[in-house]
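Topology and contacts: notes
Each chain, written out:
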Amino acid sequence: MRKWIFIIVIALLVAAPVALIGVLLYTQTGVELIASQLGRLERFGVRIEGLSGTLSGPLHIERLEIDNPNVHIVTHDIVAYLQLRELLVQTIRISSLTTRDTLVEVRTAPPKPPNTTPPRFLPSFMRIDARNLQLTRLRYVNIDGTAVDADSLRARARISPRQLRVGQFQIDAPKFTIAGSGRLRAQRPMGLELTVSGNLRMERDTELAIWRSEERRVGKECRS
């Protein structure tokens, strides 16, 4: 009898963590726990509204806003599918992500004192691998107020602490189509590599082919 009691206790001790992980990943409970902590992000200029679904997918966000001195981003109706097994190697892998009505506004940040801290896109322990990004209805507003509208953006990207790499992207707009790839390195000044090609649609059904490959530094030395 004692032997069976001991076996049952061991089985419960083993099963309990597995059951807890299953509840967190495959039910609404895990997302509700995350949603209860989202208010902490607002002091960093990040607001997430309407979080629902499950971590195993689909995960839904009604509205995401990022507001900081350099850029303002608002997007709606985000639907994402995550590959959870990649979390074991500290990677957030997104197999699919769609959004609609995205606004990106670039701003002139106020002057700051010199910063000698090495820049990073992510914490040193984190990686993001987005395999299939599809954004519909976008607007980009430049520092000078120039606005560009696009119907869709399709891309794949990998982000590490020191590098943001877009392996392939395509932007479709009423007046142009652009495809290409690029890489941005976290350093001072930032290192940008970009290759693009596409077509610019002009009046009277005329199209102008464009191609450009560029490597340059972005920003000023020792500025944050």
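An account of the accompanying structure is given in this report. (Residues numbered from 1 in each chain as written. Predicted model: local features only at pLDDT ≥ 70, side-chain atom pairs only at ≥ 80, totals over all residues. Heavy atoms only, no water.)

**Details of unusual backbone geometry**
As a reminder, the rule being used: Numbered from the N terminus, helices here are DSSP runs of H or I no shorter than four residues, and strands are runs of E no shorter than two.
Despite not being glycine, Asp 77 shows a phi value in the positive range, around 55 degrees. Here Asp 77 lies in strand 3 (residues 71-83). With a phi angle near 50 degrees, Asp 101 is a residue other than glycine that sits in the positive phi range. As for its position among the elements, Asp 101 is in strand 4 (residues 91-106).

**Looking at the environment of Gln 187**
Which entries qualify depends on this criterion: Type-normalised accessible area, obtained with a 1.4 Å probe on protein chains alone, sets the label of each residue: buried when under 20%, exposed when over 50%, and partly exposed for intermediate values.
Tracing the chain through its elements places Gln 187 in the loop between strand 8 (176-185) and strand 9 (190-201). With a relative accessible area of 23%, Gln 187 lands in the partly exposed category. Once the C-alpha coordinates of Gln 187 and Gln 163 are considered, the two residues, 24 residues apart in sequence, prove to be 9.2 Å apart.

**Brief notes about the pattern of salt bridges**
Heads up, the condition is: Criterion for a salt bridge: a side-chain nitrogen of Lys or Arg within 4 Å of a carboxyl oxygen of Asp or Glu.
Tallied over the entire structure, the rule returns 13 salt bridges. Where Arg 63 meets Glu 49, a salt bridge forms, and the shortest distance between an N and an O atom there is 3.7 Å. Taken together, the residues Arg 63 in strand 2 (residues 59-67) and Glu 49 in strand 1 (residues 46-53) connect sequence positions 14 residues apart. Here Glu 49 falls in the partly exposed class, since its relative accessible area comes to 40%. Note that Arg 158 is salt-bridged to Asp 129, the shortest N-O span being 3.0 Å.

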